[in-house]
Amino acid sequence: MALPDVFAVLSNPVRRRVLELLLTRPYTVNDLVDEFRLNRPAVSEHLQVLRTARLVRDERRGRERYYHIEPARLQEVNEWLKPFELYWRKRLQSLERTLDEEKP
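By convention here, each chain's residues receive numbers from 1 onward along its written sequence. A pLDDT threshold of at least 70 governs which residues receive local features in this predicted model, and a stricter bar of 80 or more applies before side-chain atom pairs are shown or counted, although totals over entire chains, interfaces and linings include all residues. In computing side-chain values, all of the structure's heavy atoms are included and hydrogens and water are not.

1. Looking at a nonpolar patch on the surface
Patches here: salt-bridge-free residues with over 30% relative accessible area, like charges joined within 9 Å, nonpolar side chains (Val, Leu, Ile, Met, Phe, Trp, Tyr) joined within 5 Å. Residue-level accessible areas treat just the shown protein chains as cover; the underlying method is Shrake-Rupley with a 1.4 Å probe. Should a side-chain nitrogen of Lys or Arg be within 4 Å of a carboxyl oxygen of Asp or Glu, the pair is scored as a salt bridge. Taken together, the side chains of Phe7, Trp80, Leu81, Phe84, Tyr87 and Trp88 define a hydrophobic patch exposed on the protein surface, amounting to about 640 Å² of accessible area. Every helix listed is a DSSP run of H or I at least four residues long, and every strand listed is a run of E at least two residues long, numbered separately from the N terminus. In terms of residue count, the dominant contributor to the nonpolar patch is helix H5 (residues 75–102) (five residues).

Dropping the structure here:
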């Protein structure tokens with residue numbers, strides 16, 4: 001079974017925010033329901049998409065499932081963004097040189 005396109009998964013702002021939150025600590029579905037003011041089925045659906053894309057994993061602790069970020073798959077996004085980072089770095093350096101030249 002092929003993995004979903006990571007860019008398509010990350011196109012949703014709720015899923016991006018879930019990943020941002022999971023950077024700080026594991027969350028349960030109920031934690032995320034409180035965070036987003038969405039109903040439980042909606043949050044569960046977003047988590048399922050993230051889990052299928054292997055961007056999160058769940059860990060069962062008693063009656064609760066805790067969700068953790070799985071950042072390895074984000075490397076694909078990082079690789080795609082690198083040329084843009086270099087582009088903007090060069091542009092900012094050029095601007096800095098121009099501003100330095102204009103100083104009296």
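2. Examining unusual backbone geometry
Phi is positive for Arg37, close to 60°, though the residue is something other than glycine. We classify Arg37 as exposed; its relative accessible area is 77%. Residues other than glycine seldom take positive phi values, yet Arg54 does so here, at roughly 60°. Summarising the element assignment, Arg54 is placed in the loop between helix H4 (40–52) and strand S1 (56–61). Here's how the labels work: a residue is buried when its accessible area is under 20% of the maximum for its type, exposed when over 50%, partly exposed in between, all with a 1.4 Å probe on protein chains only. Given the relative accessible area of 54%, Arg54 is considered exposed.

3. Remarks on the packing of helix H3 (residues 29–36) against H4
Interaxial distance between H3 and H4 falls to 9 Å at its minimum, and their mutual angle equals 110°. Classified by the angle their axes make, H3 and H4 are roughly perpendicular. Considering the relative orientation of H3 and H4, their crossing is right-handed. Mapping the contact onto sequence places Val29, Asn30, Leu32 and Val33 in H3 and Arg40, Val43, Ser44 and Leu47 in H4. When residues are grouped by polarity, Ala, Val, Leu, Ile, Met, Phe, Trp, Tyr, Cys and Pro land in nonpolar, Asp, Glu, Lys and Arg in charged, and all others, Gly among them, in polar. Of the residues contributing to the contact of H3 with H4, the split by class is five nonpolar, two polar and one charged. In this description, a line fitted to the C-alpha atoms serves as the axis of each element, helices being fitted only across the stretch in contact, and the angle between N-to-C directions of two axes falls anywhere from 0 to 180 degrees. In these notes the angle categories are as follows: under 35 degrees is roughly parallel, over 145 is roughly antiparallel, 65 to 115 is roughly perpendicular, and the rest is oblique. A clockwise turn of the near helix away from the far one marks a right-handed crossing, whereas an anticlockwise turn of less than a right angle marks a left-handed crossing. Contacts: residue pairs with any heavy atoms within 4.5 Å of one another.

4. A short note on the pattern of salt bridges
Inspection of the entire model under this criterion finds eight salt bridges. Between Glu20 and Arg17 there is a salt bridge, and its shortest N-O distance comes to 3.2 Å. Taken as a pair, Glu20 and Arg17 lie in helix H2 (residues 13–22) at a separation of three residues, close to a single helical turn. The closest approach of N and O atoms between Arg25 and Asp31, which form a salt bridge, is 3.5 Å. You can call Arg25 partly exposed: its relative accessible area is 40%. The exposure class assigned to Asp31 is partly exposed, which follows from its relative accessible area of 26%.

5. Quick notes on the domain arrangement of the protein chain
Per the annotation, domain bounds derive from an automatic or database assignment of domains. Its domain assignment divides the protein chain into domain 1 (1–70) and domain 2 (72–103). For domain 1 and domain 2, the distance between their C-alpha centroids amounts to 31 Å. Contacts between the two partners involve eleven residues from domain 1 and, on the opposite side, six residues from domain 2. Accessible area that two parts lose when put together, with a 1.4 Å probe and added across both, is what the buried area reports. For the pair domain 1 and domain 2, the summed buried surface comes to about 680 Å²; carbon and sulfur atoms form 71% of the total. Among the residues domain 1 hides against domain 2, the three largest losses belong to Val6, Phe7 and Glu70. Together they make up 55% of the total.

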